[in-house]
Amino acid sequence: MALWGGRFSKDTNQGVADFSESVSYDQRLYPYDVQGSIAHVTMLAEQGIIARADSQAIVRELEAIKARLEAGEIELKTELEDIHMNIETVLIAALGDVGARVHTGRSRNDQVNTDERLYLRHETDEIRAALRTLQSALVDLGGRYPAAILPGLTHMQNAQPVLFAHHLLAYVEMFERDRERLADCRRRINRSPLGAGAIAGSTLPLNRERTAELLGFAEVLRNSMDAVADRDYIVEFLAGLSLVAMHCSRLAEDVILWVSQRFGFLELDDAFCTGSSLMPQKKNPDVAELVRGKTGRVYAALFGILTVLKGLPLTYNRDLQEDKEGLFDAIDTVKASLALLAPMMATATPREKAMLAAAADPALMATDLAEWLVKKGVPFRDAHHMVGRYVGWCAAKGVALDQATVEQMRESIPLAEPECLLLFSAARSVAGRDLTGGTAPAQVAKQLEFWRHRLEAGE
Ligand code: ARG
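Caption draft 1: View of the overall build of the chain. Along the chain, the regular secondary structure elements total 18 helices and six strands. In terms of overall dimensions, the chain is more spread out than a globule: its C-alpha atoms have a radius of gyration of 30 Å, far above the 23 Å expected for 459 residues. Viewed in the frame of its principal axes, the chain has a C-alpha envelope of about 100 × 55 × 40 Å. Buried residues in the chain amount to 47% of all 459 residues. If you take every contact in the chain between residues at least 6 apart in sequence, the share linking residues at least 24 apart comes to 74%.

And the structure:
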């Protein structure tokens, strides 16, 4: 008979038990369930609600149960629904009446939300650390090739030359915002629902501030109904994780393009690639492709929980049990992606010659010529037009932009001087963009320094 079986005259239909169990997946919450129960009974004893000796016996037994669960020595039963009732059942089997006091003044409604918050707080810290590791890999890679230049793209068309390190640091910035978002979300995760009971609190003199303190929660949720019904923190966490996954996917996409024969800008270490079962020559970027592909299931978790919550009346409804599988899957997916992206990037090698050859196309420096004219006092729109005319002339004649004579250039750009022909150098173009956030080596060196410091500070 289930722990709640008092008012029932039969056992649950087996189909119902299979349909409604959650222990097959919520078992991962066990360390937090034990932690929450220890804090709860400690407080119950301090408040004189249960005897100190009983509380101590429960704490000891819970620790033993945790060790046995870690060792896989406890067989979890789906008839017992979830991890909470499995642990409580084992506790009562060991301690009898004493164990039966653990659930005093508590409901699974506040218990499950407590466990999930403790779990998510831990995972938030882990994911923020994994993001740091990936950022370090990108900063190191950029720092090892400070002079590598590649064509930056807009509309997937060659746009302007940029430093390879500048491109990598763009991702470091995205991952930093992801870390900030998770830290902000953590503030709302780190609040205690414990003591809210099933919905309305308790007639017992529970000390909610004390359990919050014991569990390291920064605050107590003020409203008991909100405390058992709220899953906003899961929505925001998954929104944050979706952005992490999306940024990983964009990085993966750049890598996939760079390693393709069309670009040939990057070489991945063999250990991070796979071959084809048919074509012997193939070396495929499957890790990057899977990182890109797995983004879908992270978004799915976000849409899943949003849909579960929409229209749920207050307070706890069993629908809320559906808050877990997608969440766990999204966490596992993002952690696995980050854990592979970091070493994959750390061991990648840019093909500097191929990058530079592509970036050296003089057409990429057309803007530099227009800006040279601006420095001579020409309004930008006119400069743009003149250079456009020159580009058109070169295209019609089949002449590269840097291969015309000054006289030919003057047909489109009357102010042209021999110096103009020197502007068509990728290195010069990059070096000229020496402003905050620009791609000049001096600026990028500063950015690399900034990141090395920040990453070392290890905040
Ligand atoms: N397994 C449930 C969940 O994950 C635990 C809470 C069940 N509470 C209840 N009153 N049936 O949401």
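Caption draft 2: Structural detail: helix α4 (residues 52–70). Its 19 residues give α4 an end-to-end C-alpha distance of 27 Å, which sits within 8% of 27 Å, the value for a rise of 1.5 Å per residue. Of all the positions in α4, only D54, S55, A57, I58, V59, E61, L62, I65 and L69 are classed as buried. Of the surrounding elements, those touching the buried residues of α4 are α3 (30–46) and α5 (83–95). Positive phi appears at G72, one or two residues downstream of α4, with a value of about 70 degrees.

Caption draft 3: Local environment of the site of the ligand. If you check the shell around the ligand, you find S22, D82, R108, N109, V112, Y316, Q321 and K324 and nothing else. At a separation of 2.5 Å, an oxygen atom of the ligand approaches a polar side-chain atom of Y316. Here a nitrogen atom of the ligand sits 2.8 Å away from a polar atom, N or O, in the side chain of Q321. Within the complex, the protein chains bury 86% of what would otherwise be the 340 Å² of accessible surface of the ligand. Here the shell around the ligand is built from residues that sort into two nonpolar, three polar and three charged.

Caption draft 4: A look at unusual backbone geometry. Cis peptide bonds are those with omega within 30 degrees of zero, and the linkage from L314 to T315 qualifies with 5 degrees. Position of T315 relative to the elements: it lies in the loop between α11 (286–309) and α12 (325–346). Positioned with a positive phi, H155 is a non-glycine residue whose angle comes to about 55 degrees. Secondary-structure assignment places H155 in the loop between β1 (149–154) and β2 (157–163). Notably, M156 is not glycine yet its phi reads approximately 65 degrees, a positive angle. Following the sequence through the fold, M156 ends up in the loop between β1 and β2.

Caption draft 5: Main features of the environment of R292. With respect to the element layout, R292 can be found in helix α11. Between the alpha carbons of R292 and S192 there is a distance of 36 Å; along the sequence they are 100 residues apart. Ignoring anything within four residues of it in the chain, the contact list for R292 reads S249, A252, E253 and I256.

Caption draft 6: Spatial organisation of the pattern of salt bridges. Throughout the structure, instances matching the rule amount to 29 salt bridges. We note a salt bridge from R187 to D184, for which the minimum N-O separation is 2.5 Å. On the criterion of helical spacing, the pair formed by R187 and D184 is a turn pair, its members being three residues apart in helix α7 (residues 164–189). For D184, a relative accessible area of 33% translates into the label partly exposed. Taken together, the shared-partner salt bridges connect E81, D82, R108 and R318 into one network.

Caption draft 7: Local environment of α3. Relative to the 24 Å expected for 17 residues at 1.5 Å per residue, α3 spans 24 Å between its end C-alpha atoms, a close match to the ideal helical length. The element α3 is largely enclosed, with a buried count of 13 among its 17 residues. Downstream of α3 by a residue or two, G48 has a phi angle that is positive, lying close to 75 degrees.

Caption draft 8: Spatial organisation of the nonpolar core. With 122 residues, the main nonpolar core has F164, F237, L238 and Y390 as its most contacted residues. Looking at this core element by element, the count peaks at 14 residues for helix α10 (residues 232–259). In contact with Y390, not counting residues within four places along its chain, are L369, L401, A404, M409, S412, I413 and F424.

Caption draft 9: How the structure looks around the state of the cysteines. Evaluation of the coordinates by the stated rule reveals zero disulfides. C185 provides the cysteine sulfur closest to C248, a residue in no disulfide bond, and the two sulfurs are 17 Å apart. Residue class for C248 comes out buried when judged on its relative accessible area of 2%. With no disulfide of its own, C273 has C248 as its nearest cysteine by sulfur position, at a separation of 17 Å. The buried category is assigned to C273, whose relative accessible area is 15%.

Caption draft 10: Examining the side chain of E123 more closely. The residue E123 is located in helix α6 (residues 108–144) in this model. On the accessibility criterion, E123 (8% relative accessible area) is buried. Contact partners of E123, with chain neighbours within four places excluded, come to I331 and K335.

Caption draft 11: Seen up close, the pairing of β2. The sheet contact formed by β1 and β2 spans six bridges and is antiparallel. Paired with G152 across the bridge in β2 is Q160. Between β1 and β2, which pair antiparallel one after the other, the connecting turn spans two residues, and H155 there sits at a positive phi close to 55 degrees.

The rules behind these values
- Residues numbered from 1 in each chain as written.
- Predicted model: local features only at pLDDT ≥ 70, side-chain atom pairs only at ≥ 80, totals over all residues.
- Heavy atoms only, no water.
- Helix = DSSP H or I, 4+ residues; strand = E, 2+ residues; numbered from the N terminus.
- Rg over C-alpha atoms; globule rule 2.2 N^0.38 Å.
- Buried < 20%, exposed > 50% of the residue type's maximum accessible area, 1.4 Å probe, protein only.
- Contact = heavy atoms within 4.5 Å.
- Expected span 1.5 Å × (residues − 1).
- Near = heavy atom within 4 Å.
- Polar contact = N/O pair within 3.5 Å; in protein donor to acceptor, adjacent residues only side chain to side chain.
- Areas by Shrake-Rupley, 256 points an atom, 1.4 Å probe, with all protein chains shown as cover.
- Nonpolar A, V, L, I, M, F, W, Y, C, P; charged D, E, K, R; others polar.
- Salt bridge = Lys/Arg side-chain N within 4 Å of Asp/Glu carboxyl O.
- Core = buried A, V, L, I, M, F, W, Y, C linked by side-chain atoms within 4.5 Å.
- Disulfide = S-S within 2.5 Å.
- Pairing = 2+ DSSP bridges.

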